[in-house]
Amino acid sequence: MNAIPRIGITTSFAHGEQRLDRRYVTAVERAGGHPVIVPATQSSATLYRVCEELHGLLIPGGPAVTAGLIGTLPDDLPDVDPVRTETDHRILSVMMASHKPILGVCYGMQLLNAAAGGTIYADVQAQIEGSLPHSDRRGGDIHPVAVSPGSTIEKLVGPGSSVNTSHIQAIATIGAGYRATAHAPDGVVEAIESEDGRVLGVQWHPERMGAAGEAIFRYLVAAAGPK
């Protein structure tokens, strides 16, 4: 009997507390994976031991990414706590070196990009003329995405799809090893992926989309399963 793939999930960190939207846990479970909450630790030894037990990684949404930042963060977007930044970068580095599948959601996608040398707009709506509001707090709403033919994300959501939106930052330049494979109507990057499809990032929140978002989590769990 094949073991259930163990999917590590990083968390938010604020005021000394780790927190996680339970919808990420549910999404991994429904996709057939076993969710494992990654501890917010500054111990490399601990993270190495955790990673050895994981088959894949999910980096959820969160506050602002500051690596590769272009511009100044707006007042309605808090900076991420350094503890989360350090934990996320360390576990990402270990999982990348182990060639295990990774999914980044919203903040998670931007973190993937920044860690690979890409850049991030601090406030895309303020910095790029013609940008739509992408934050639901600023009036952003469901919008279509144009998907690159033959991409991994096309296989998961089809050639055209509508997605939710809940971000203020956006990718400016793509990090090494990735390509942009989905865009909003205003040109904002909505998905990136590695050439082999092992690492995938989406700007939207599939965990909030019910059945419409399940394919993305099934893909992660399947990629993490026995070969």
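Cut-offs applied
- Residues numbered from 1 in each chain as written.
- Predicted model: local features only at pLDDT ≥ 70, side-chain atom pairs only at ≥ 80, totals over all residues.
- Heavy atoms only, no water.
- Helix = DSSP H or I, 4+ residues; strand = E, 2+ residues; numbered from the N terminus.
- Rg over C-alpha atoms; globule rule 2.2 N^0.38 Å.
- Areas by Shrake-Rupley, 256 points an atom, 1.4 Å probe, with all protein chains shown as cover.
- Lys, Arg positive; Asp, Glu negative; His and termini not counted.
- Charge placed at Lys NZ, Arg CZ, Asp CG, Glu CD.
- Salt bridge = Lys/Arg side-chain N within 4 Å of Asp/Glu carboxyl O.
- Buried < 20%, exposed > 50% of the residue type's maximum accessible area, 1.4 Å probe, protein only.
- Contact = heavy atoms within 4.5 Å.
- Pairing = 2+ DSSP bridges.
- Axes fitted to C-alpha atoms, helices over the stretch in contact; angles between N-to-C directions.
- Parallel < 35°, antiparallel > 145°, perpendicular 65-115°, else oblique.
- Left-handed = near helix turned anticlockwise from the far one by under 90°.
- Nonpolar A, V, L, I, M, F, W, Y, C, P; charged D, E, K, R; others polar.
- Expected span 1.5 Å × (residues − 1).
- Arc of directions from axis to C-beta.
- Polar contact = N/O pair within 3.5 Å; in protein donor to acceptor, adjacent residues only side chain to side chain.

Colleague: Before we move on, can you summarise the overall build of the protein chain with the specific residues and values?
Modeller: Counting secondary structure elements, the protein chain contains seven helices and 14 strands. Here the C-alpha atoms of the protein chain give a radius of gyration of 16 Å, agreeing with the 17 Å that 2.2 N^0.38 yields for 227 residues. Per element, the accessible surface of the protein chain, about 10,100 Å² overall, is 52% carbon and sulfur. Between the mean site of the 17 positive side-chain charges and the mean site of the 23 negative ones, the protein chain shows a separation of 8 Å.

Colleague: So what about the pattern of salt bridges? Which residues, and what values?
Modeller: Side chains bearing opposite charge may pair, as long as their charged atoms lie close to each other. The tally for this structure, following the rule as stated, stands at ten salt bridges. Linking Arg90 and Glu86 is a salt bridge whose minimum nitrogen-to-oxygen distance equals 2.8 Å. Separated by four residues within a single helix, Arg90 and Glu86 lie in helix α3 (residues 82-97), roughly one turn from each other. A salt bridge links Glu193 to Arg179; its shortest N-O distance comes to 3.6 Å. Placement of the pair is Glu193 in strand β13 (residues 189-194) and Arg179 in strand β12 (residues 178-183), with a sequence separation of 14 residues.

Colleague: Quick rundown of the environment of Pro35? Include the residues and the values.
Modeller: As for its placement among the helices and strands, Pro35 is situated in strand β4 (residues 34-37). On the accessibility criterion, Pro35 (17% relative accessible area) is buried. Placed 30 residues apart in sequence, Pro35 and Pro5 show a C-alpha to C-alpha distance of 8.6 Å. In this structure Pro35 touches Ile7, Ile9, Val25, Val28 and Glu29, once residues within four positions along its chain are discounted.

Colleague: Before we move on, can you summarise the sheet that holds strand β9 (residues 143-147) with the specific residues and values?
Modeller: Here nine strands make up an open sheet; going across it, the order is β4-β1-β5-β7-β14-β13-β12-β9-β10 and the pairing mixed. Looking at which strands have only one partner, the edges of the open sheet turn out to be β4 and β10 (160-163). Neighbour-to-neighbour, the strand axes of the sheet open up by a mean angle of 25°, direction not taken into account. In this sheet, β10 lies alongside β9 in antiparallel orientation, the contact comprising four bridges. Its bridge partner being in β10, His143 is matched across the sheet by Val163. Contacting β5 (56-59), β7 (102-105), β12 and β14 (199-202), α3 crosses the sheet at an angle of about 150° to β5.

Colleague: Can you lay out the packing of helix α2 (residues 44-52) against α3 for me, pointing to particular residues and giving the numbers?
Modeller: Angle between the axes and distance between the axes are the two parameters that describe a pair of packed helices. At a minimum axis separation of 10 Å, α2 and α3 run at an interaxial angle of 45°. When the interaxial angle is binned, α2 and α3 end up oblique. Handedness of the crossing formed by α2 with α3: right-handed. Residues Ser44, Leu47, Tyr48 and Cys51 of α2 touch α3, and the partners they reach there are Thr87, Arg90, Ile91, Val94 and Met95. Residue composition of the contact of α2 with α3, grouped by class: six nonpolar, two polar and one charged.

Colleague: Which residues make up the packing of α3 against helix α4 (residues 107-115), and what values do they have?
Modeller: Where α3 contacts α4, the axes come no closer than 11 Å and their chain directions differ by 65°. Taken together, the axes of α3 and α4 lie roughly perpendicular to each other. In this structure, the crossing between α3 and α4 has a hand that is right-handed. For the pair α3 and α4, the contacting residues are Arg84, Asp88, His89 and Leu92 in the first and Tyr107, Leu111, Leu112 and Ala115 in the second. For the contact of α3 with α4, the class distribution of residues is five nonpolar, one polar and two charged.

Colleague: How would you summarise α3 if you had to cite specific residues and measurements?
Modeller: Taking 1.5 Å of rise per residue, the 16 residues of α3 would be expected to cover 22 Å, and the 22 Å separating its terminal C-alpha atoms lies within 8% of that figure. All of the buried residues along α3 are Val83, Arg84, Thr87, Asp88, Ile91, Leu92, Val94 and Met95. One side of α3 carries all its buried residues, which in axial view fall inside an arc of 165°. α3 presents Pro82 and Ala97 as exposed residues on the side facing more than 90 degrees away from its buried surface. Tucked into the core, α3 has its buried residues touching β2 (12-14), α2, β5, β7 and α4. The N-terminus of α3 is capped by Asp81, whose side-chain oxygen sits 2.8 Å from the backbone nitrogen of Val83. His99 sits one or two positions beyond α3 and adopts a positive phi of about 60°.

By themselves, these are just geometric observations and shouldn't be taken as functional.
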